[in-house]
Amino acid sequence: MDYLSKSDVDAIDSAIKRVAEMSFDEIVRDTHSQEWDRVFNGSKGKKGRKVMDNLNIAREGNASPEMLEYLKEYYALENALR
């Protein structure tokens, strides 16, 4: 506990209490994004790795257009260097 502030501990305690009262389906609905649903429910029966798209995750998190452009450039460069 040397690394957590009182407000950190309070936030964690509050989250644990909230989640402890939820059903599994409620937790999934509350914590999984549309991108997760697209990949893991929309690709049933498909073989291979199921990979979420980082740009879609950023969009769902309301990333700014500038951040989305930065991410596109970053991933293009990363792919080019592979």
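None of these values were measured; they are calculated from a predicted model.

### Brief notes about the overall build of the chain
Looking only at helices and strands, one finds 5 helices and 0 strands in the chain. Helices (α) and strands (β) of the chain occur, in sequence order from the N terminus, as α-α-α-α-α. For the chain, the C-alpha radius of gyration of 18 Å lies well beyond 12 Å, the compact-globule estimate for 82 residues. Reported as C-alpha extents along the three principal axes, the dimensions of the chain are approximately 45 × 35 × 25 Å. In the chain, which comprises 82 residues, the share counted as buried stands at 9%.

### Some points on a nonpolar patch on the surface
A contiguous nonpolar surface patch, about 470 Å² in accessible area, is contributed by Tyr3, Leu4, Ile12 and Ile16. Here Ile16 is to be found in helix α1 (residues 6–20).

### A look at the confidence of the model for the chain
Per-residue confidence for the chain gives a mean pLDDT of 90; residues scoring 70 or more make up 98%. Averaged pLDDT values for the elements of the chain fall to 86 in helix α3 (residues 34–40) and rise to 96 in helix α5 (residues 65–80).

### Description of the side chain of Glu35
For Glu35, the location among the structural elements is in helix α3. A distance of 2.5 Å separates the side chain of Glu35 from the side chain of Arg38, its partner in a polar contact.

### What to know about the pattern of salt bridges
The full count for this structure, using the stated rule, is 4 salt bridges. Arg18 is the partner of Asp30 in a salt bridge, and the nearest nitrogen-oxygen pair spans 2.4 Å. Taken together, the residues span a long stretch of sequence, with Asp30 in helix α2 (residues 24–31) and Arg18 in helix α1 at a distance of 12 residues. For the salt bridge of Glu78 with Arg82, the shortest nitrogen-to-oxygen distance reads 3.6 Å. Exposure remark for Glu78: the relative accessible area of 29% places this residue in the partly exposed category.

### Quick look at the environment of Ala15
Along the polypeptide, Ala15 turns up in helix α1. Spatially, the C-alpha atom of Ala15 lies 22 Å from that of Gln34, the residues being 19 residues apart in sequence.

### So, the environment of Val39
One can find Val39 in helix α3. Linking Val39 and Asn79, residues 40 residues apart in sequence, is a C-alpha distance of 21 Å. If we ignore the near neighbours within four places in the chain, the residues touching Val39 are Lys50, Val51 and Met52.

### A short note on the environment of Ser14
Within the secondary structure layout, Ser14 lies in helix α1. Exposure remark for Ser14: the relative accessible area of 45% places this residue in the partly exposed category. Distance in space between the C-alpha atoms of Ser14 and Tyr75 is 36 Å, their sequence separation being 61 residues.

About the criteria used
Residues numbered from 1 in each chain as written. Predicted model: local features only at pLDDT ≥ 70, side-chain atom pairs only at ≥ 80, totals over all residues. Heavy atoms only, no water. Helix = DSSP H or I, 4+ residues; strand = E, 2+ residues; numbered from the N terminus. Rg over C-alpha atoms; globule rule 2.2 N^0.38 Å. Buried < 20%, exposed > 50% of the residue type's maximum accessible area, 1.4 Å probe, protein only. Patch = residues over 30% accessible without salt bridge, like charges linked within 9 Å, V, L, I, M, F, W, Y side chains within 5 Å. Areas by Shrake-Rupley, 256 points an atom, 1.4 Å probe, with all protein chains shown as cover. Salt bridge = Lys/Arg side-chain N within 4 Å of Asp/Glu carboxyl O. pLDDT = per-residue confidence, 0-100. Polar contact = N/O pair within 3.5 Å; in protein donor to acceptor, adjacent residues only side chain to side chain. Contact = heavy atoms within 4.5 Å.

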